[in-house]
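Descriptive structure summary
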Amino acid sequence: MQAVSNNSTKKQSKTRKKVTYISKALPPVGNVRLPTIIAVLAISRGSFLNGIKEGKFPPGKLITRRCRVWPVEQIRALLETAEAESEV
């Protein structure tokens, strides 16, 4: 019978292939994810999420358990109201 060393009994950790999401400009139609919204609105993730809690921003829609999207029309409306408020 062979002796088992301590190193061989440890499980090898698998390297996780992390998928990063690169934000782009707003598409003409469809849905956008959070990185795109915070890039377009030029605010932090925390500020946007706090705005959702306060009712300033729409809550979005879950398409999977961990992926939330917002309709582009709602984000364009936010941009228009922000521009109208800054002009006044």
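Quick summary incoming for the structure in this document. Bear in mind the structure is a predicted one, so any value in this text is a computation, not a measurement.

For the rest of this paragraph, the subject is the nonpolar core. One finds L26, V32, L34, I37, L41, F48, F57, W70, V72, I75 and L78 forming the largest nonpolar core, which totals 11 residues. Those elements that provide at least two residues to this core are α2 (34-41) and α4 (72-87). Setting aside anything within four residues of it in sequence, one finds F57 in contact with I43, S47, F48, G51, I52 and L78.

Our next topic: the sheet that holds strand β1 (residues 31-33). If you trace the three strands from one edge of the open sheet to the other, you get β1-β3-β2, paired in antiparallel fashion. This sheet does not close on itself; its edge strands, each paired only once, are β1 and β2 (61-62). α4 contacts β1 and β3 (68-71) of the sheet and is inclined by roughly 65 degrees relative to β3.

Let us now look at the packing of aromatic side chains. Taken as a whole, this structure holds two aromatic pairs when the rule is applied. Ring geometry for F48 versus W70: centroids 5.4 Å apart, planes at 75 degrees, classification edge-to-face. Note that F48 is positioned in helix α3 (residues 45-54) and W70 in strand β3, a separation of 22 residues in sequence. Ring-pair connections join several aromatic residues into one group, and the members of that group are F48, F57 and W70.

We now examine the environment of P35. Assignment of secondary structure puts P35 in helix α2. Measuring from C-alpha to C-alpha, the distance between P35 and K24 comes to 8.6 Å, with 11 residues separating the pair along the chain.

A few words now on the layout of surface pockets. Quantified by volume, the second largest pocket comes out at close to 240 Å³. Taken together, 11 residues make up the lining of the second largest pocket; nearest its centre are L34, R45, R66, C67 and R68. Of all the secondary-structure elements, those providing two or more residues to the lining of the second largest pocket are α2, α3 and β3. No other element matches α3, which puts three residues into the lining of the second largest pocket.

Reading the values: the criteria
Residues numbered from 1 in each chain as written. Predicted model: local features only at pLDDT ≥ 70, side-chain atom pairs only at ≥ 80, totals over all residues. Heavy atoms only, no water. Core = buried A, V, L, I, M, F, W, Y, C linked by side-chain atoms within 4.5 Å. Buried < 20%, exposed > 50% of the residue type's maximum accessible area, 1.4 Å probe, protein only. Helix = DSSP H or I, 4+ residues; strand = E, 2+ residues; numbered from the N terminus. Contact = heavy atoms within 4.5 Å. Pairing = 2+ DSSP bridges. Axes fitted to C-alpha atoms, helices over the stretch in contact; angles between N-to-C directions. Phe/Tyr/Trp six-rings, centres within 6.5 Å; stacked < 30°, edge-to-face > 60°. 1 Å grid on protein atoms, 1.4 Å probe; cavity = no way out; pocket = protein on both sides within 12 Å on 5 of 7 lines; lining within 4 Å. Points joined across faces, edges and corners; volume = space filled by probe spheres on them.

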